[in-house]
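The chain contents come next:
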Amino acid sequence: MSPHKPALKIEGVSVTFTTSRGSVEAIRDVSLEVFPGETVAIVGESGSGKSTLAACVNRLLADNGRISSGTITLGDLDITAASERSMTAIRGNRIGLVPQDPMTNLNPVMTIGAQIVEALEIHGRARGKAAQQQAIGLLEQAGITDPAARFHQYPHEFSGGMRQRVLIAMALACKPDVLLADEPTSALDVTVQRLVLDQMEQLASEMGAAVLLITHDLALAAERADRVVVMYRGEIVETGPAEQIVSDPQHDYTRRLLAAAPGMASAKVIEQSDADTADEPETLLEVVGAVKKYRVRGRSEPFVAADGVDLRVPRGRTVAIVGESGSGKSTTARLALRLERADGGSVRYRGTDVSKVRGEELLRFRRSVQPVFQNPFASLDPRYTIGQVVAEPLVVHRIGDRASRRTAVLDLLDKVALPAAFADRYPHELSGGQRQRVAIARALALEPELVVMDEAVSALDVLVQEQILDLMVTLQRELGLSYLFISHDLAVVRLVSHQVYVMRAGRVVETGTPEQIFEAPREEYTRQLIAAIPGRELLV
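Residues numbered from 1 in each chain as written. Predicted model: local features only at pLDDT ≥ 70, side-chain atom pairs only at ≥ 80, totals over all residues. Heavy atoms only, no water.

**Q** Looking at this structure, how should I read the overall build of the protein?
**A** Helix and strand counts for the protein come out as 22 helices and 20 strands. For 540 residues, the compact-globule formula gives about 24 Å, and the C-alpha radius of gyration of the protein, at 25 Å, lands near that figure. Along the longest, intermediate and shortest principal axes, the C-alpha atoms of the protein span 70 × 55 × 45 Å. Taken over 540 residues, the protein has a buried fraction of 53%. Relative to all contacts within the protein whose residues are 6 or more apart in sequence, the contacts with residues 24 or more apart total 70%. In the form shown here, the protein has an accessible surface area of approximately 23900 Å², with 48% of it arising from carbon and sulfur atoms. (Helix = DSSP H or I, 4+ residues; strand = E, 2+ residues; numbered from the N terminus. Rg over C-alpha atoms; globule rule 2.2 N^0.38 Å. Buried < 20%, exposed > 50% of the residue type's maximum accessible area, 1.4 Å probe, protein only. Contact = heavy atoms within 4.5 Å. Areas by Shrake-Rupley, 256 points an atom, 1.4 Å probe, with all protein chains shown as cover.)

This is the structure:
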């Protein structure tokens, strides 16, 4: 394909969905081009239309959606007029796709190798042993160590970052003209994210593919793309070279995205005075030498997830644990919540060893320490209304009657800035950010002293993430809450925490204030985490 001719051309495309409330125009008059070897990033918050546009390119819109105007051209082929049979031959062959969630996009009952071989055989690129050798080569190119052995393993035996590399290998197996990467790293920690994006960039460049990168993170887009397209409510509001978009944004929405990107934010959410009080507050949670081991199938030695962890959470403070996947931070959170018992050391809440509490004492502990998890949709019962979800802890702990619980629910929704009418809605009717607010409201129902937030903002777009972080800090000031904040994102941690613990391979390798960690990190590992934050080198 000629480098002077666009690999993908989108002209005046509008998309309309038919709903019970009538027709909804999700995209209006969108036009853009992507040339061979070029990366164009489409940026916007949830609902901006960016993923809908990606679905148009692959002709994979939901049944109630249609391209109501405009054309999409792949080379010389008009995709909007192509038959479904033609599109079946194009998908995975001329258009590769790297989706967001690798676990739901890999077949759990097929080996990794078989899935790549299948992609090659379906499109007639190779068969039998030749396909197997090509698949092993693709795994190696994608950065998978010992690819010949890994070829025979299943998705659950791979980490999240490795699974995403497999999807990149599958997407590029047939050397496509266009690579669609739809939020390919949003659930990965920053160091793995950088490795995966580097690998994708290198392979796409070697194959001359045009890359259309879909992301909610403007800092990531500016770092990785040649050109950035900003979408808002179904329209393109700004487009230009990455450097120009960052240094001189023209649209107010672009400026909001830049201000909300944690890696590019210049101000902390908490006030410095919050951290510099003369009196050291009492300790709520203290972890001393905590050890947690797990038996692993096929291995004689147990896996040590927490290896002598020490930390403390003072009252009214936000203490963050940061580290890449597998560092032991979520295991530490589970120990703090008494969802797991330590195999060694101790976990104490207000001086009491939580592993020994039983009965009424355990119930009191559960009331004092509440969790908010990463995926609000998975942690909210889809059969319950929002009102029932928020009231459930009150019912379990036998607090109040129906009328008083209803009053409490409305008050809690108000605390997290949700309208009272949401009490009668169901989780699927809310956005991701709204569902996370519901999860926080439920966590507050029992008036806890400590809230453990395990990757509670990692899957949210930057504007919603900013709102949730602001809400956390507001609630801390109003209610005196303490937070144990688990995250793989040091940029977010810097904004909201008073104290940071850096974990690696089950151990705390460094601790200090955010300023100490960012401005004078002692460990090379911490420096690597900081260097991997998207957008840092774009700050002037």
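**Q** Help me understand the sheet that holds strand 20 (residues 507–512) in this model?
**A** Sheets are built from strands that pair by backbone hydrogen bonding, the pairs being arranged parallel or antiparallel. Taken in spatial order, the six strands of this open sheet run 16-17-18-13-19-20, and their pairing is mixed. The two strands at the open ends of the sheet, each matched to only one other strand, are strand 16 (369–372) and strand 20. The sheet shows a mean angle of 20° between the axes of neighbouring strands, taken without regard to direction. Where strand 13 (residues 318–322) lies against strand 18 (residues 482–487), five bridges are found, and the strand directions are parallel. Each residue of the ladder has a partner; that of isoleucine 321, found in strand 18, is isoleucine 486. The strands that helix 13 (residues 329–336) touches are strand 13, strand 16, strand 17 (450–454), strand 18 and strand 19 (499–504); relative to strand 18, the one it contacts most, it runs at about 150°. The strands that helix 19 (residues 462–479) touches are strand 13, strand 17 and strand 18; relative to strand 18, the one it contacts most, it runs at about 160°. (Pairing = 2+ DSSP bridges. Axes fitted to C-alpha atoms, helices over the stretch in contact; angles between N-to-C directions.)

**Q** Just checking my understanding: could you explain the sheet that holds strand 5 (residues 77–78) for this structure?
**A** The strand order 2-1-4-5 describes an open sheet built from four strands, whose pairing is antiparallel. In this open sheet, the two strands that pair with only one neighbour each are strand 2 (22–34) and strand 5. Where strand 1 (residues 8–19) lies against strand 2, nine bridges are found, and the strand directions are antiparallel. Opposite lysine 9, over in strand 2, you have glutamate 33 as the bridge partner. Sheet strands in contact with helix 1 (residues 50–57) are strand 1, strand 2 and strand 4 (65–74), and its direction is about 110° off that of strand 1.

**Q** I tried to follow the pattern of salt bridges on my own but got confused; where do I start?
**A** Two side chains that carry opposite charge are able to pair once their charged atoms sit near each other. Counted by the stated rule, this structure contains 23 salt bridges. A salt bridge links glutamate 33 to lysine 9; its shortest N-O distance comes to 3.7 Å. With glutamate 33 in strand 2 and lysine 9 in strand 1, this pair connects stretches of sequence that are 24 residues apart. You can call glutamate 33 partly exposed: its relative accessible area is 28%. Relative accessible area serves as the criterion here: at 28%, lysine 9 is assigned to the partly exposed category. Measuring nitrogen to oxygen at the nearest pair gives 3.5 Å for the salt bridge that ties glutamate 340 to arginine 334. Residue glutamate 340 is classed as partly exposed on the basis of its relative accessible area of 21%. Among the ionic contacts, a cluster of salt bridges with common partners joins Arg194, Asp198, Glu201, Glu223 and Arg224. (Salt bridge = Lys/Arg side-chain N within 4 Å of Asp/Glu carboxyl O.)

**Q** Please clarify how the environment of valine 287 should be interpreted in this entry.
**A** Among the secondary structure elements, valine 287 is positioned in strand 11 (residues 283–294). Under the relative-accessibility criterion, valine 287 is labelled buried at 3%. C-alpha of valine 287 to C-alpha of methionine 87: the two residues are 200 residues apart in sequence and 56 Å apart in space. When sequence neighbours within four positions are dropped, the list of residues in contact with valine 287 reads Val309, Asp310, Leu311, Ser346 and Val347.

**Q** Looking at this model, I keep getting lost on the layout of surface pockets. Mind explaining?
**A** Using a probe with the size of a water molecule, rolled over the atoms, empty space left in the structure can be pinpointed. Roughly 510 Å³ of volume is contained in the second largest pocket. What lines the second largest pocket is a set of 21 residues, among which Arg91, Gly92, Leu97, Ala119 and Met170 lie closest to the centre. At the level of elements, strand 6 (95–98), helix 4 (112–122) and helix 7 (160–172) are the ones that each hand at least two residues to the lining of the second largest pocket. (1 Å grid on protein atoms, 1.4 Å probe; cavity = no way out; pocket = protein on both sides within 12 Å on 5 of 7 lines; lining within 4 Å. Points joined across faces, edges and corners; volume = space filled by probe spheres on them.)

**Q** Whenever I open this one, the packing of aromatic side chains confuses me. Can you help?
**A** Geometrically, a pair of aromatic rings is defined through the distance of the ring centres and the angle of the planes. With the rule as written, the count across this model stands at two aromatic pairs. Judged by centre distance (5.7 Å) and plane angle (80°), the ring pair of tyrosine 349 and phenylalanine 365 falls under edge-to-face. One end of the pair, tyrosine 349, is in strand 14 (residues 344–349); the other, phenylalanine 365, is in helix 14 (residues 359–368), and 16 residues separate them in sequence. Classification of tyrosine 349 by relative accessible area gives buried; the value is 8%. A relative accessible area of 5% places phenylalanine 365 in the buried class. The ring of phenylalanine 158 carries the charged tip of arginine 150 above its face, separated from the ring centre by 5.0 Å. Geometry around tyrosine 294 places lysine 292 over its ring, the cationic atom sitting 5.5 Å from the centre. (Phe/Tyr/Trp six-rings, centres within 6.5 Å; stacked < 30°, edge-to-face > 60°. Lys NZ or Arg CZ within 6 Å of the ring centre and 35° of its normal.)

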